[in-house]
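So you can see what is in the structure, the chains are spelled out below.
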Amino acid sequence: MRKASYLYNCMIRYAYTIRVACLTAAALIFCVLTTVQVHANDGAGLLWLVNTDHPLCEGFEPRTLVDVGNHRMDGKVADAYEKLTAAMQAEKAEAGDQTLYLYSAYRSYGRQKDLFAERIRHYITQGYSRKEARERAAQSVQPPGASEHQTGLALDVSSTGALNQAFGETPAGEWLAANAHRFGFIIRYPQSKTHTTNIIYEPWHLRYVGTPHAEIMHARDLALEEYADFLAAHTPFIFQNAAGEFQSVTICDKLPDEWPPDAINISATHYGQGARYIVTYTITTHTQIFTFP
Ligand SMILES: [Zn+2]
């Protein structure tokens with residue numbers, strides 16, 4: 001299963017545009033061709049789950065990377081991060097010193113391999129066997145392919161001069177935890193979810209998943225690992241966003257042939273290993289019931 005999903009990762013590296021023929025429910029007279037953009041990030045998708053159980057392959061490099069200073073990141077992340085930092089500045093009166101420094105963004109498979117090998121060498125020079133050194137290295141550095149920095153959707157930021165847990169206690173760290181979701185980011189490894197993510201508390205590690213997903217995960221206190229099960233149990237999940245719009249979020253194995261006639265802004269993104277979709281649309285009434293296949 002793991003091998004199959006690993007191969008799947010390697011295979012789907014292209015953006016998808018799915019054209020769906022949509023028949024109006026009223027009379028089947030008008031046939032409207034609706035274009036649904038699947039947010040693909042070159043196959044990774046904004047909700048791609050990457051961890052030691054779901055690593056990316058060596059050849060995976062997103063084609064959506066842009067340069068931001070000395071770093072590279074997905075273009076959507078760059079736009080969202082700019083909005084986030086501007087908002088921090090504007091709300092500075094409330095939160096004190098909020099100057100964020102960007103430490104890390106996209107990290108290639110090769111770079112992860114070097115960092116991991118460096119750490120193993122460090123433990124070997126301390127007298128550990130190669131096997132022990134590898135096990136110790138894995139406690140603090142993700143093995144190659146297991147870092148979601150390879151998607152271009154993750155950022156490490158801090159205002160304390162270092163990436164440390166103390167950052168979470170600063171005004172900037174607290175502001176991020178309370179507001180990052182407004183811009184599509186989640187604190188990917190929160191203190192309360194270490195048992196789920198199997199990663200230590202990292203208040204500095206932001207992951208872009210887009211809205212409304214970041215807003216829902218924030219409101220419902222969900223880690224990315226928990227999001228699919230939550231949606232499966234609450235499908236369709238109707239969410240009122242900060243702008244007051246009602247949005248329907250559904251997880252499904254297959255995109256439907258027809259869409260609700262009053263749905264607008266339909267979008268879909270792969271979840272996890274790409275076998276499922278998460279479909280989002282804005283609805284004009286929140287009373288409708290729409291069943292996905
Ligand atoms: Zn990170």
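As the structure is a computational prediction, the values presented were derived from the model and not from experiment. (Residues numbered from 1 in each chain as written. Predicted model: local features only at pLDDT ≥ 70, side-chain atom pairs only at ≥ 80, totals over all residues.)

Peer 1: Can you break down the overall build of the chain residue by residue, with the values?
Peer 2: Summing up its helical and strand segments, the chain has nine helices and 13 strands in all. Looking at the chain as a whole, 35% of its 293 residues are labelled buried. (Helix = DSSP H or I, 4+ residues; strand = E, 2+ residues; numbered from the N terminus. Buried ≥ 20, exposed ≤ 12 C-beta atoms within 10 Å, placed from the backbone.)

Peer 1: I'd love a proper account of unusual backbone geometry, names of residues and values included.
Peer 2: A cis amide bond, omega 5 degrees, links T211 with the succeeding residue P212. Cis geometry marks the peptide bond from T235 to P236; its omega dihedral reads -10 degrees. Mapped onto the elements, P236 comes out in the loop between helix 9 (224–233) and strand 10 (237–240). Here the phi dihedral of N198 falls at roughly 60 degrees; this positive angle occurs in a residue that is not glycine. Tracing the backbone shows N198 in the loop between helix 7 (194–197) and strand 9 (202–208). One non-glycine residue, N265, lies in positive phi territory at about 55 degrees.

Peer 1: Before we move on, can you summarise the sheet that holds strand 7 (residues 154–158) with the specific residues and values?
Peer 2: If you trace the four strands from one edge of the open sheet to the other, you get 6-7-9-8, paired in antiparallel fashion. Unpaired on one side and paired on the other, strand 6 (101–104) and strand 8 (185–189) mark the two borders of the sheet. When strand polarity is set aside, the average angle formed by the axes of neighbouring strands in this sheet is 45 degrees. Alignment of strand 8 against strand 9, held across four bridges, turns out to be antiparallel. Directly across from I187, in strand 9, lies its bridge partner L206. (Pairing = 2+ DSSP bridges. Axes fitted to C-alpha atoms, helices over the stretch in contact; angles between N-to-C directions.)

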